[in-house]
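Working through the structure, step by step
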Amino acid sequence: MFAAAMIAVIAALVLVVIRVVKGPTIFDRVLAGNSVGTLAIILVAVLGFLNGRPEFLDIALTYGVLNLISTLAILKFFRHGDLAHDAQEDDA
Amino acid sequence: MILLDVASWALILAGSAFIIVGALGILRFPDVYTRMHAASVIDTLGAGFLFAGLMLQAGFTQVTLKLLFILLLFFFTGPVITHALAQAALHAGLKPEIDEDRRDRLRDGSLPDAGRQP
Amino acid sequence: MRLISFGMILFLFWLSLSGYFKAFLLTGGLLCTLFVLYVSRRMKLLDSEGYPAHLLAAASTYWPWLLWEIIKAGWSVTKAILKPGRSISPVMTRVVAGQHTSAGIATYANSITLTPGTITTGVKGNILTVHALERSGALDLEDGGMDARVSRFERGG
């Protein structure tokens, strides 16, 4: 049963990666990239159950936090073109 | 315990189905804003049902607790990411493809006690 | 009071993640808890907005209700995805958030975004701009059923 779930998640990953490649805007890619992260977390969790080693969940939890930060960082980068945005620079 | 197994399998299968449906929606919908709705199906229903099934498999253990933490993480960070993405896309001037614009029914901050602190 | 309860939550979180009860690791967890408490007190995070402990009892009835809303909304989005042809009618609208605290408005906005089919795209004061996948979803929000439920949650019911 875990194998079926894994196949489903991998199939979903393929579909989402197609959207990452096709775009067309940067926001489509960020959205799909974030979904790839979510699916990777689910994949790691299911993989842990498939191997009988649920310790994998710690990795999934860490990946979840990283996924949030990386997505927000990418969004901020494309909004301001700069990670350490300083509002005063806009005037200069 | 056969009943528990059947229930958990049903939940895992339902979660898998919602994950594939969400991915299909991301592929199929016409613009970013509509695709976000499909992505949130993966985040909430897909992950929710799948992890509920895994929790039933694990029983009352530390594993269940960790699965719950991951789900809580999804439920608290999912809206943050979606909102940030939608706002960034609007800020960049990306127009949503909409059938009807009902934004005129209220103007920004038209109520006097907007955002009042207690 | 807030500090103590937050510290207990943090330490329980550590315990549930580690699962080991050796003296060395317990001491490490205690030190980490104290450090996080010190930092969050210095950053003044533990006010009614950053750590809404008074809403905990109300959350026990609000979250199951929200969960059911998510399942219902998710099902209608699923149908929209699987139906062939153009099955969606995207609408943008504005709704009033009737809550009086920023924590309440944030809860409402996040609940809208969390339910599939509706996304809060902007917040100005207590007016939320919402993108809905289907026209019926936007009209439901304008009716204010969820708004009333969140207001009840905010008052602690």
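Scope of this entry: the structure provided in the associated data block. Keep in mind the model is a prediction, meaning the values are calculated, not measured. (Residues numbered from 1 in each chain as written. Chains lettered and ligands numbered in written order. Predicted model: local features only at pLDDT ≥ 70, side-chain atom pairs only at ≥ 80, totals over all residues. Heavy atoms only, no water.)

Turning our attention to the pattern of salt bridges. If you walk through the whole model with that rule in mind, you get three salt bridges over all chains. The salt bridge involving A:Asp28 is made with B:Arg35; its shortest N-O contact spans 2.1 Å. Of the two residues, A:Asp28 sits in helix α2 (residues 26–50) while B:Arg35 sits in helix α2 (residues 32–58), which places them in two different chains. With a relative accessible area of 5%, B:Arg35 lands in the buried category. (Salt bridge = Lys/Arg side-chain N within 4 Å of Asp/Glu carboxyl O. Helix = DSSP H or I, 4+ residues; strand = E, 2+ residues; numbered from the N terminus. Buried < 20%, exposed > 50% of the residue type's maximum accessible area, 1.4 Å probe, protein only.)

What follows is about the interface of chain A and chain B. Listed as interface residues are 39 residues of chain A and, on the opposing side, 43 residues of chain B. Surface buried jointly by chain A and chain B totals about 3500 Å² across both partners, of which 84% is contributed by carbon and sulfur atoms. The largest contributions to the chain A side of the interface with chain B come from A:Met1, A:Phe27 and A:Leu31, which together make up 17% of the buried area. One can count two salt bridges joining chain A with chain B. Between B:Lys66 and A:Asp58 there is a salt bridge, with its nearest N and O atoms 2.9 Å apart. At the surface where chain A touches chain B, the tally comes to five residue pairs in polar contact (both at pLDDT 80 or more). Residues of the side of chain A that touches chain B, tallied by class, amount to 28 nonpolar, seven polar and four charged. (Contact = heavy atoms within 4.5 Å. Buried area = accessible area lost by both parts, 1.4 Å probe. Polar contact = N/O pair within 3.5 Å; in protein donor to acceptor, adjacent residues only side chain to side chain. Nonpolar A, V, L, I, M, F, W, Y, C, P; charged D, E, K, R; others polar.)

Turning our attention to the sheet that holds strand β3 (residues 127–132) of chain C. On the basis of which strands lie adjacent, the open sheet formed by four strands has the order β1(B)-β1(C)-β3(C)-β2(C) and mixed pairing. Each of the sheet's edge strands pairs with one partner strand only, and the pair in question is β1 (100–102) of chain B together with β2 (118–124) of chain C. This sheet shows a mean twist of 20° between the axes of neighbouring strands, independent of strand direction. The sheet contact formed by strand β1 (residues 91–96) of chain C and β3(C) spans six bridges and is antiparallel. Of the residues in β3(C), the one forming a bridge with C:Arg94 is C:Thr129. The strands touched by helix α4 (residues 102–114) of chain C within the sheet are β1, β2 and β3 of chain C, with β2(C) carrying the most contacts at an inclination of about 150°. (Pairing = 2+ DSSP bridges. Axes fitted to C-alpha atoms, helices over the stretch in contact; angles between N-to-C directions.)

This part covers the pairing of β2(C). The two faces of a sheet get side chains in turn, since along a regular strand they alternate between them. Residue and element names in this part refer to chain C. Burial runs high along β2: five of the seven residues are buried. Both β2 and β3 contribute to a ladder of six bridges, which runs antiparallel. Looking across to β3, one finds that Ile 119 is bridged to His 131. Where β2 folds back on β3, the antiparallel hairpin that results is connected by two residues, among which Gly 125 adopts a positive phi of roughly 60°.

Turning next to the nonpolar core. Nonpolar side chains tend to gather and get buried jointly when the protein is soluble and globular. Core analysis: the biggest nonpolar cluster contains 78 residues, and A:Ile42, B:Phe51, B:Leu54, B:Phe74, C:Tyr108 and C:Leu128 have the highest contact counts within it. Contacts of B:Leu54, omitting those with residues within four sequence positions, involve A:Phe2, A:Ala45, A:Val46, A:Phe49, B:Ile12 and B:Leu67. Formed by five residues, the second largest nonpolar core is a distinct cluster that contains C:Phe6, C:Leu10, C:Leu37 and C:Leu46. (Core = buried A, V, L, I, M, F, W, Y, C linked by side-chain atoms within 4.5 Å.)

Moving on to the environment of B:Ile12. You can see B:Ile12 is positioned in helix α1 (residues 2–28). Remark: the alpha-carbon pair of B:Ile12 and B:His37, spanning 25 residues in sequence, is separated by 22 Å.

Now for the packing of α1(B) against α2(B). Residue and element names in this part refer to chain B. Remark: α1 packs on α2, axes separated minimally by 7 Å, with the N-to-C direction vectors making an angle of 165°. Taken together, α1 and α2 sit at an angle that is classed as roughly antiparallel. As for how α1 packs across α2, the hand of that crossing is left-handed. Residue composition of the contact of α1 with α2, grouped by class: 20 nonpolar, eight polar and two charged. (Parallel < 35°, antiparallel > 145°, perpendicular 65-115°, else oblique. Left-handed = near helix turned anticlockwise from the far one by under 90°.)

Bringing the interface of chain C and chain B into the picture now. Opposite the 57 residues of chain C that make contact, chain B presents 51 residues. Interface of chain C and chain B: buried area, both sides summed, is about 4500 Å²; carbon and sulfur atoms make up 64% of it. In terms of surface lost to chain B, no three residues of chain C exceed C:Ile81, C:Met92 and C:Arg94, which account for 17% of the buried area on that side. Joining chain C to chain B, the criterion identifies eight residue pairs in polar contact (both at pLDDT 80 or more). When contributions to the side of chain C that touches chain B are tallied by element, the ones reaching two or more residues are α1 (2–18), α3 (56–82), β1, α4, β2, β3 and α5 (135–143) of chain C. For the side of chain C that touches chain B, the leading source of residues is α3(C), giving 11 residues. Taken together, the residues of the side of chain C that touches chain B sort by class into 27 nonpolar, 23 polar and seven charged. Where β1(B) and β1(C) come together, three bridges link them in parallel fashion. Bridging from a neighbouring strand, B:Arg102 pairs with C:Thr93 of β1(C).

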